[in-house]
Amino acid sequence: MGRRVAAKSTPPATATAKAWPPLADAMAAVIAQWRDERVISEQTMLRATETVGRYVRRLERTGVHRFGQERPEDAAAFVHAPTRAGLPPELATMHARRTCLRMLYRSLRSRGWYDGDPTLDLVLPPRGVLAARPLTADEAALCRMSSRMGVGAKTLRLAVCWALGETTAVSSEISALRIRDLDHPRRPEAVQLPGTRRHDPRTGELTAWGRAVLVRHLDALHAAGATPDTLLAYRGAARPGGHVGQASVCNALGTVLDLAGLSAEPDVRPASLRHWAGRELFDAGAPVEEVALRLGARSLDSAAEDIALAWREAR
């Protein structure tokens, strides 16, 4: 999938920019918005807040007073800046910094306080060698924000596909899911995933953000006369769960990655969402055996590979 430029890299410093709030005020409003929307976990919130705060202070030291006055070089310099110990930043650190800045600029655009993103053309080496590495927590939060940009049924469908993907569902499963597969037709917390030729049937748990998305979606579906057989994410004429439905969902997930500025990453694919969900379970303390069951994996090795767990190297 080609990379689509969602916004200008460097917006001009116009009279409109002069009317936007000062850096510190804009940053405080964005952080409050993140807390209110509950898109970001508490741990990610702490890291993102600290990163954005250092970026804003760095801009202020260079004479930037409002967003719109900075240049792409300012964002690049921050991403590549030495650590507090004076050492070159690790690749993972640079990726995390860039993702936090993209979250910031995404939120600023949603508030009408910015019309670009100075990180759009900031290319970094891939984080690993996997074809579809797990997303990081920061990247997953950025994708949640990106999936809900705009209004209308198309935007909501992107968020629904993403929310179902967070349950570990693969694209063909997402296209086949119906209201009857949810544990509750209006206020669901889990969904029964049917499995595929490569994955076992299992129960997928919705995240808190995913539940909020599904509740909004279900309210709209029921208002339109939905039945238990109504599909949740796929609206095509072809057989749900087939190749066409799978491609439709893959395109939706790819669009979210595109909107988040991640589609150009060579090791990020729609499967990176499912792999993130598995890695989150492992990092939260679940043994790899449980992660494999939750992913519907047929072997521990395949589950470990999906979540980028190099268990052989740790021996």
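These numbers come from a predicted model, not from an experiment.

Caption draft 1: Examining the overall build of the protein chain more closely. Summing up its helical and strand segments, the protein chain has 13 helices and two strands in all. By the compact-globule yardstick of 20 Å for 315 residues, the protein chain fits well, its C-alpha radius of gyration being 20 Å. When its C-alpha atoms are laid out on the principal axes, the protein chain stretches across 60 × 55 × 35 Å. Considering only contacts in the protein chain between residues 6 or more positions apart, those separated by 24 or more positions represent 70%. As displayed, the protein chain offers around 14800 Å² of accessible surface, 54% of which is attributable to carbon and sulfur atoms. When the 44 basic and 35 acidic side-chain charges of the protein chain are each reduced to a single mean position, those positions are 4 Å apart.

Caption draft 2: Layout of helix 11 (residues 271-283). The end-to-end C-alpha separation of helix 11 is 18 Å, in line with the 18 Å expected for 13 residues at 1.5 Å each. The complete set of buried residues in helix 11 reads Ser272, Leu273, Arg274, His275, Trp276, Ala277, Gly278 and Leu281. Gly285 occupies a position one or two residues after helix 11 and carries a positive phi of about 115°.

Caption draft 3: The arrangement of helix 4 (residues 72-79) in detail. Within helix 4 the residues assigned to the buried category are Asp74, Ala75, Phe78 and Val79. Taken end-on, helix 4 shows its buried residues confined to a sector of 135°, consistent with a single buried face. Where helix 4 is buried, its residues contact helix 3 (42-61) and helix 5 (91-110).

Caption draft 4: Seen up close, unusual backbone geometry. Positioned with a positive phi, Thr168 is a non-glycine residue whose angle comes to about 90°. With a phi close to 60°, Ala308 is a non-glycine residue in the positive phi region. Mapping Ala308 onto the fold places it in the segment after helix 13 (300-306).

Caption draft 5: Quick look at the pattern of salt bridges. Tallied over the entire structure, the rule returns 18 salt bridges. For Asp117, the salt bridge is made with Arg109, and the minimal N-O distance between the two is 3.9 Å. Classification of Asp117 by relative accessible area gives buried; the value is 3%. Taken together, the shared-partner salt bridges connect Glu50, Arg54 and Arg84 into one network.

Caption draft 6: Representation of the side chain of Thr119 within the structure. Along the chain, Thr119 falls in the loop between helix 5 and helix 6 (137-147). Contacts of Thr119, omitting those with residues within four sequence positions, involve Ala75, Arg98, Leu101 and Arg102.

Caption draft 7: Highlighting the packing of aromatic side chains. Applying the stated criterion across every chain yields a total of five aromatic pairs. On the basis of an interplanar angle of 40° and a centroid distance of 6.0 Å, the ring pair of Trp20 and Tyr114 is categorised as tilted. Placement of the pair is Trp20 in the loop between helix 1 (15-19) and helix 2 (23-37) and Tyr114 in the loop between helix 5 and helix 6, with a sequence separation of 94 residues. Relative to Tyr105, the ring of Phe67 lies with its centre 5.8 Å away and its plane at 80°, an arrangement referred to as edge-to-face. Placement of Phe67 in the loop between helix 3 and helix 4 and of Tyr105 in helix 5 is noted, with a sequence separation of 38 residues between them. With respect to burial, Phe67 and Tyr105 carry one shared label: buried.

Caption draft 8: Examining the packing of helix 5 against helix 6 more closely. Their axes nearest at 9 Å, the elements helix 5 and helix 6 cross at an angle of 20°. Compared by their axis directions, helix 5 and helix 6 come out roughly parallel. For the pair helix 5 and helix 6, the crossing hand works out as left-handed. Here helix 5 contributes His95, Ala96, Thr99, Cys100, Arg102, Met103, Arg106 and Ser107 to the contact with helix 6, which in turn contributes Asp138, Glu139, Ala141, Leu142, Met145 and Ser146. In terms of residue class, the contact of helix 5 with helix 6 is built from six nonpolar, four polar and four charged.

Caption draft 9: Inspection of the nonpolar core at higher detail. Core analysis: the largest hydrophobic core is formed by 71 residues, its most contacted members being Trp34, Tyr55, Phe67, Trp162 and Leu232. Considering each element in turn, this core owes the most residues, eight residues, to helix 7 (residues 153-165). In contact with Tyr55, not counting residues within four places along its chain, are Phe67, Glu70, Asp74, Ala75, Phe78, Leu101, Leu104, Tyr105 and Pro118. Counting residues in each nonpolar core, the second largest holds eight residues, with Ala286, Ala297, Ala303 and Ile307 among its members.

The rules behind each value
- Residues numbered from 1 in each chain as written.
- Predicted model: local features only at pLDDT ≥ 70, side-chain atom pairs only at ≥ 80, totals over all residues.
- Heavy atoms only, no water.
- Helix = DSSP H or I, 4+ residues; strand = E, 2+ residues; numbered from the N terminus.
- Rg over C-alpha atoms; globule rule 2.2 N^0.38 Å.
- Contact = heavy atoms within 4.5 Å.
- Areas by Shrake-Rupley, 256 points an atom, 1.4 Å probe, with all protein chains shown as cover.
- Lys, Arg positive; Asp, Glu negative; His and termini not counted.
- Charge placed at Lys NZ, Arg CZ, Asp CG, Glu CD.
- Expected span 1.5 Å × (residues − 1).
- Buried < 20%, exposed > 50% of the residue type's maximum accessible area, 1.4 Å probe, protein only.
- Arc of directions from axis to C-beta.
- Salt bridge = Lys/Arg side-chain N within 4 Å of Asp/Glu carboxyl O.
- Phe/Tyr/Trp six-rings, centres within 6.5 Å; stacked < 30°, edge-to-face > 60°.
- Axes fitted to C-alpha atoms, helices over the stretch in contact; angles between N-to-C directions.
- Parallel < 35°, antiparallel > 145°, perpendicular 65-115°, else oblique.
- Left-handed = near helix turned anticlockwise from the far one by under 90°.
- Nonpolar A, V, L, I, M, F, W, Y, C, P; charged D, E, K, R; others polar.
- Core = buried A, V, L, I, M, F, W, Y, C linked by side-chain atoms within 4.5 Å.

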